[in-house]
Amino acid sequence: MLSSISEWFNTHRNRWLDRRIPASHEYRFDLNNTFILPTSFGWVLIFVVIFLFILGTNYQNNLVLLLSFFALSVVLLSLFHSFYFFTRITIKFIKNEELFANQPAFLNIKVINDSDIIESRLYYQHQYSQHLTNRDRRGRSKKSIVRMLALKNNEQEHQLLLGALPRGKHLLPRITFFSSYPFGLFKTWSHLAVSDKLMIFPEPIQNKTLHFTASSQKDESGENRLLENSSSEELQGIREYKDEDPIHHVSWKHVAKGQGMLSKDFAAHQSSTIVLNLSAFSDYSLEESLGMLCYSVMQLSKNQQNFGLNLGTQQILPSSGESHRKQCLTALALFSDLHSKVNDSHIGEDL
Amino acid sequence: MRFNVRVVDRPALLFLIAFIVVTLTILEPLMAWVIVLIACICGILLYKVFRPNSKRIQNRMLNLFAVFCIAVLIFFSTDYGLLNTMINLLMVACCLKMINLHRKADYQAVSVTLMFLVACGMIFHQEIAFTILYSTIICLLFIILNSTEFTNSTHSVNSRFSIPILLQAVPIAVLLFVVTPKLPPLWQVPEGKGTETGLAEEITPGDIANLAQSDDLVFRAEFSDAIPDNSERYWRAIVLDYFDGKTWSIQARDPQHYNWNETRLGLPSSQRYFEYVIIAEPSTTQWLYSIDIPKLVNSSNTANIKLKSQYQLSANTPLYTQTLYSVRSYPDLALNMFNESDLMHAYLQVPTSGNEKTQEWVKRQINNDLSFEQKIEKLQRKFLSGDFEYTLKPPFMPNDPVDRFLFDEKKGFCSHYASAFAYMLRLANIPSRLVTGYQGGEEQINKVISVYQYDAHAWVEALHPQKGWLRFDPTALVAPNRIAAGLRDSLQNQDEFMEQNPFSLAKLHDFPILGELRQILEKLDYSWSQQVLGFNQDTQKSLIKNIFGSINTRVMSLALAIAFVSIGVFLGLVFAIKSYRPRDEFAQLNLLFQRKISKFGYVKEKHETMKQLVTRVTETNMGQTNISARQLKSLLEYQERYEALIYGKQVIEQADLKLLKGLLKRL
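Residues numbered from 1 in each chain as written. Chains lettered and ligands numbered in written order. Predicted model: local features only at pLDDT ≥ 70, side-chain atom pairs only at ≥ 80, totals over all residues. Heavy atoms only, no water.

1. With respect to the overall build of chain A
Line of reasoning, step 1. Helices and strands together make up the secondary structure of chain A, namely seven helices and 17 strands.
Line of reasoning, step 2. Split into buried and exposed, the 351 residues of chain A put 46% on the buried side.
Line of reasoning, step 3. In chain A, 69% of the contacts between residues at least 6 apart in sequence involve partners at least 24 apart.
Line of reasoning, step 4. Roughly 18900 Å² of accessible area belongs to chain A as shown, and the carbon and sulfur atoms make up 54% of that amount. (Helix = DSSP H or I, 4+ residues; strand = E, 2+ residues; numbered from the N terminus. Buried < 20%, exposed > 50% of the residue type's maximum accessible area, 1.4 Å probe, protein only. Contact = heavy atoms within 4.5 Å. Areas by Shrake-Rupley, 256 points an atom, 1.4 Å probe, with all protein chains shown as cover.)

2. Points about the overall build of chain B
Line of reasoning, step 1. Of the regular secondary structure elements, chain B holds 24 helices and 19 strands.
Line of reasoning, step 2. Among the 667 residues that make up chain B, the fraction classed as buried is 49%.
Line of reasoning, step 3. Sequence-distant contacts, at least 24 apart, represent 73% of the contacts inside chain B between residues at least 6 apart.
Line of reasoning, step 4. As displayed, chain B offers around 32800 Å² of accessible surface, 57% of which is attributable to carbon and sulfur atoms.

3. Details of the interface of chain B and chain A
Line of reasoning, step 1. Of the residues lining the interface, 62 residues belong to chain B; the matching set on chain A comes to 50 residues.
Line of reasoning, step 2. Counting the contacts that link chain B with chain A gives zero salt bridges.
Line of reasoning, step 3. There are four residue pairs in polar contact (both at pLDDT 80 or more) connecting chain B and chain A.
Line of reasoning, step 4. Sorting the residues of the side of chain B that touches chain A by element identifies α5 (104-124), α6 (128-147), α7 (162-179), α18 (512-533) and α20 (553-579) of chain B as the ones contributing at least two each.
Line of reasoning, step 5. Ranked by the residues each element gives to the side of chain B that touches chain A, the list is headed by α7 of chain B, at 10 residues.
Line of reasoning, step 6. The residue makeup of the side of chain B that touches chain A, split by class, is 36 nonpolar, 17 polar and nine charged. (Salt bridge = Lys/Arg side-chain N within 4 Å of Asp/Glu carboxyl O. Polar contact = N/O pair within 3.5 Å; in protein donor to acceptor, adjacent residues only side chain to side chain. Nonpolar A, V, L, I, M, F, W, Y, C, P; charged D, E, K, R; others polar.)

4. Some words on the pairing of strand β2 (residues 217-223) of chain B
All names here are of chain B.
Line of reasoning, step 1. Burial analysis of β2 places six of its seven residues in the buried class, the great majority of the element.
Line of reasoning, step 2. Relative to strand β17 (residues 448-452), β2 runs antiparallel, the two being bridged by five bridges. Pairing of L217 across the sheet is with Y452, part of β17. (Pairing = 2+ DSSP bridges.)

5. Comments concerning the pattern of salt bridges
Residues and elements named next belong to chain B.
Line of reasoning, step 1. Using the criterion set out here, one finds 16 salt bridges over all chains in the structure.
Line of reasoning, step 2. The residue E232 makes a salt bridge to R272 at a minimum N-O spacing of 2.4 Å. Taken together, the residues E232 in the loop between β2 and β3 (234-240) and R272 in the loop between α9 (262-265) and β6 (274-280) connect sequence positions 40 residues apart.
Line of reasoning, step 3. Residue classification places R272 among the partly exposed residues on the basis of a relative accessible area of 34%.
Line of reasoning, step 4. The partner of K357 in a salt bridge is D408, and the shortest N-O contact between them spans 3.7 Å. Separated by 51 residues along the polypeptide, K357 in helix α11 (residues 356-365) and D408 in helix α13 (residues 401-409) bring together distant segments of the chain.

6. Remarks on the confidence of the model for chain B
All names here are of chain B.
Line of reasoning, step 1. The predicted model of chain B averages 80 in pLDDT, with 88% of residues at 70 or higher.
Line of reasoning, step 2. For the stretch residues 1-5, pLDDT sits under 50, and the model shows five contacts to residues farther than four places along the chain or on other chains.
Line of reasoning, step 3. For this predicted complex, the interface score ipTM comes out at 0.72, alongside a pTM of 0.67. (pLDDT = per-residue confidence, 0-100.)

7. What about the sheet that holds strand β17 (residues 315-319) of chain A?
Residues and elements named next belong to chain A.
Line of reasoning, step 1. The three strands lie next to each other as β15-β16-β17, forming an open sheet whose pairing is mixed. Single-partner strands in this sheet number two, and they are β15 (274-277) and β17. Averaged over all neighbouring strand pairs, the angle between strand axes comes to 15°, with direction disregarded.
Line of reasoning, step 2. Alignment of β15 against strand β16 (residues 307-310), held across four bridges, turns out to be parallel. The partner of N277 across the bridge, within β16, is N310.
Line of reasoning, step 3. Relative to β17, helix α6 (residues 322-334) is tilted by about 155°, and along the sheet it contacts β16 and β17. (Axes fitted to C-alpha atoms, helices over the stretch in contact; angles between N-to-C directions.)

8. Digging into helix α4 (residues 82-97) of chain B
All names here are of chain B.
Line of reasoning, step 1. Its 16 residues place the ends of α4 22 Å apart at the C-alpha level, agreeing with the 22 Å of an ideal helix rising 1.5 Å per residue.
Line of reasoning, step 2. Those residues of α4 lying buried are L83, N84, T85, I87, N88, L90, M91, V92, C94, C95 and L96.
Line of reasoning, step 3. The inward-facing, buried residues of α4 contact α1 (10-25), α2 (32-50), α3 (59-80) and α5. (Expected span 1.5 Å × (residues − 1).)

9. Structural notes on the packing of helix α3 (residues 62-86) of chain A against α5 of chain B
Line of reasoning, step 1. Following both chains from N to C, one finds α3 of chain A and α5 of chain B inclined at 155°, their axes separated by 8 Å at the closest point. As far as their axial angle goes, α5 of chain B and α3 of chain A are roughly antiparallel. Residue-level inspection shows L63, V64 and L67 of chain A of α3 of chain A in contact with α5 of chain B, the latter providing M115, A119, M122 and I123 of chain B.
Line of reasoning, step 2. In terms of residue class, the contact of α3 of chain A with α5 of chain B is built from seven nonpolar, no polar and no charged. (Parallel < 35°, antiparallel > 145°, perpendicular 65-115°, else oblique.)

10. Some points on the side chain of S111 of chain B
All names here are of chain B.
Line of reasoning, step 1. Structurally, S111 can be placed in helix α5.
Line of reasoning, step 2. On the accessibility criterion, S111 (0% relative accessible area) is buried.
Line of reasoning, step 3. The residues touching S111, leaving out its near neighbours within four places in the chain, are F15, L141 and L145.

11. Things to note about the nonpolar core
Inside soluble globular proteins, nonpolar side chains tend to come together where they are buried.
Line of reasoning, step 1. Core analysis: the biggest nonpolar cluster contains 88 residues, and F219, W235 and Y325 of chain B have the highest contact counts within it.
Line of reasoning, step 2. Per element, the largest residue contribution to this core is nine residues, and it comes from helix α14 (residues 414-427) of chain B.
Line of reasoning, step 3. One finds V64 and V75 of chain A together with L37 and L117 of chain B within the second-largest nonpolar core, a separate group that totals 87 residues. (Core = buried A, V, L, I, M, F, W, Y, C linked by side-chain atoms within 4.5 Å.)

12. Structural notes on the sheet that holds strand β7 (residues 287-288) of chain B
Residues and elements named next belong to chain B.
Line of reasoning, step 1. Read from one edge of the open sheet, three strands run β7-β11-β10, paired in antiparallel fashion. With partners counted over all chains shown, the strands left at the sheet margins are β7 and β10 (305-307), one partner each.
Line of reasoning, step 2. As judged from the three bridges shared by β10 and strand β11 (residues 313-315), these two strands associate in the antiparallel manner. Counted as the bridge partner of I305 is A315 from β11.

13. A look at the side chain of E461 of chain B
Residues and elements named next belong to chain B.
Line of reasoning, step 1. Considering the arrangement of structural elements, one finds E461 in strand β18 (residues 456-464).
Line of reasoning, step 2. Separated by 2.3 Å, the side chains of E461 and R236 make a polar contact.
Line of reasoning, step 3. A polar atom in the side chain of E461 sits 2.8 Å from the side chain of R433.
Line of reasoning, step 4. Among residues more than four places away in sequence, those in contact with E461 are R236, D292, L335, P431, S432, R433, V435, W469, L470 and R471.

Encoded structure:
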């Protein structure tokens, strides 16, 4: 009953927030997206003001009255100073590094401070949504402290700690930034939304099956059901055209230049092209197999090997290079096996 | 044991210092065991301050101990008074809380507790020196609170950002204070002061001698025109009628209060009077001070102060706080205004036993045929003949004190003389009573007379059948200097003055510079009392009347509205000034550059880049002398660095900008 009420409340709140603070890459805190309320200490001080006023009136003591008015004016001024301080801050979400599941995820931000208040604290916090329920099922948020080192007109890069997340493409919940400068009387906060979805690749799990060297794979073909050999050649140099060379090996650029018929010299590629296959990991759970595949992808890319990826429903042709690696990793991250619904439901309970 | 000064936990140290200072100012209401406890805990805290990483004391233990202390305090609370118990409670809570200062909430709790303690201190001490001290402590509390919001070091305290805010708060606070209507006390409050200094409603002759050791201020009187001279400065406070052989007290209490009117009495306009304003310090009784016969001036505290049938002024409640009232006194009027025929028996009352010698002596000397004046003269001769001494340290006379005083010791203070004389008068069938109050007072520069506890005095009034109550001061017979010049000059043994109070400022009277300094301090304190502390409902009303011309709710609400508007304007100004800062440092730099260049007669054209401009300047300047070679060099250097920054560096720092500015300045 209560949970449905809180759910209803949450959806409405999110909708309202989406209207008021739409997602963006860069936020400058201002009247539209900042909220301010007294903290509990602020309420305490207001109570102190009232109490001192009563005390001063009863004893007809002007000094105590002055003290109560002084505290009241400090509270009042603190309201404006808190707001002023908070609205001097700009937050930019910048490019992220690659993030993997079950490892502490970071979000890179750049913080620009326009005021001359240096070394003050800016806090942030976020709510774990249903999909991101990881450690904490009840959706309690973890609070972390960002130390803000801010000089005049200076920018600083920080990393927001998001905790460990499962693999996949996640729409991050709103991140709350707040501060209670100067006296801890008022809390100014804002809920910022990251516009891009966060891609979390599966956690690389080291496995020996793909641990290979640059030498020929023919020796290990007995063990490897994963690998399919296909020929590939590597350009080694230019040599004179010999009659038995195939026509497509001719370097026509040189012919056009008038340097005569020269053919490209290909060296036999030492290692064979590998195609990573998901079905080979049927012994392991989906996540583990994806993790191992991920590790393989990373290793192969590091060694600049050609490789391809076969995930049953999806296939990526062998290639190499940075974009190919990203493509593979993305495919792994987004892979959802429709046949193994059983596996999916374990995601929540596993951890 | 080496103390590493660099690792001092400064917020905790500052809290500790503030706490100790506040404790020292309100030592009186604290119970003895509380003081001991506080001393021990302060020792612990001092150790913790210099060793910030020492082991942490468990919270649970502290909480248990705190509960125990609170229970003990509550047990004692009923006979100790509400305010004093509260102060003890706050003290214990504060120092226990200071032991574990780790989270922000701990700092906040200590700050709030210290704020309450400072408020309690302000109830006890309102002099300007204490006010300055307490204000510094409050500012310190806010500075410490501010430092919890910084990260550079948990152990340091930076006041740079909080002081402007605190200074901005002062005018707002003052404005609110002046404008907010002063309410009367909402309910009956518990007693303010814990100690019993000052005149009481029961006097044993030795008491006033004790009082003479105190140099506390009792009240100040500012006169508008004429100032009475010393012999006229008899400030009436308490009138006592019941004598039990040793102690005088009050039995005849007349609940009624009286008013009198100059015109109804048919006083001539030339009737001499003194007009003055009194600011009375808090005291334990409700009696106020005045010169006979007082008449309250209408605009002052008339609601709370009444004139009694014995010509004293009385407030409704004991004086918890400073009280201001204005009086007009007619010293030449006869004290026969009110009919007290039903109190005659009280004024002739004598104790049934004791002091036999005095009784016999009076019976021998006086018979009822003698007239009033003759009786008085005979009794006064007793003091003039014998070798009586006026001293602050009379011998201890527990049994038959009047006998011992009159016939054996013959040494005493004003109250001894007065008590003996009043008793003798009663024995001689003359209605008489004892009046205690103050006599004399120190005259300050601005027609202000300051009266201290050592000016306390007791004298006698005897009822003449026609003339009414007449004052007789036996002290004047024995030590006329006391009346003419004050206590100090009258003591045969000068060392007795302020003997128990060696640091008393009153002793400085003889030294010229220090004496003047004391006068200046007095004056400052008096202005402070009058302006700030005496700012009550009437003063506020008169102030508003002066500004707005009339007094009614509309005007008051208008004043409030204006106050809020001006606060808003003030805030706006503060933040407008803050925002006005050229955002783009480069734009500022460019402006400066163009200004410098134009001084040499060159103007940057629209399509020109800086490089082109600089080349133009250098080329066309060849041979001319309005730009020196050094300046040209700076110009070139500036251009190089500027371009390097703009097109090269990712993050531009203050140092670079400063360098560029410096280069420009050299032009």
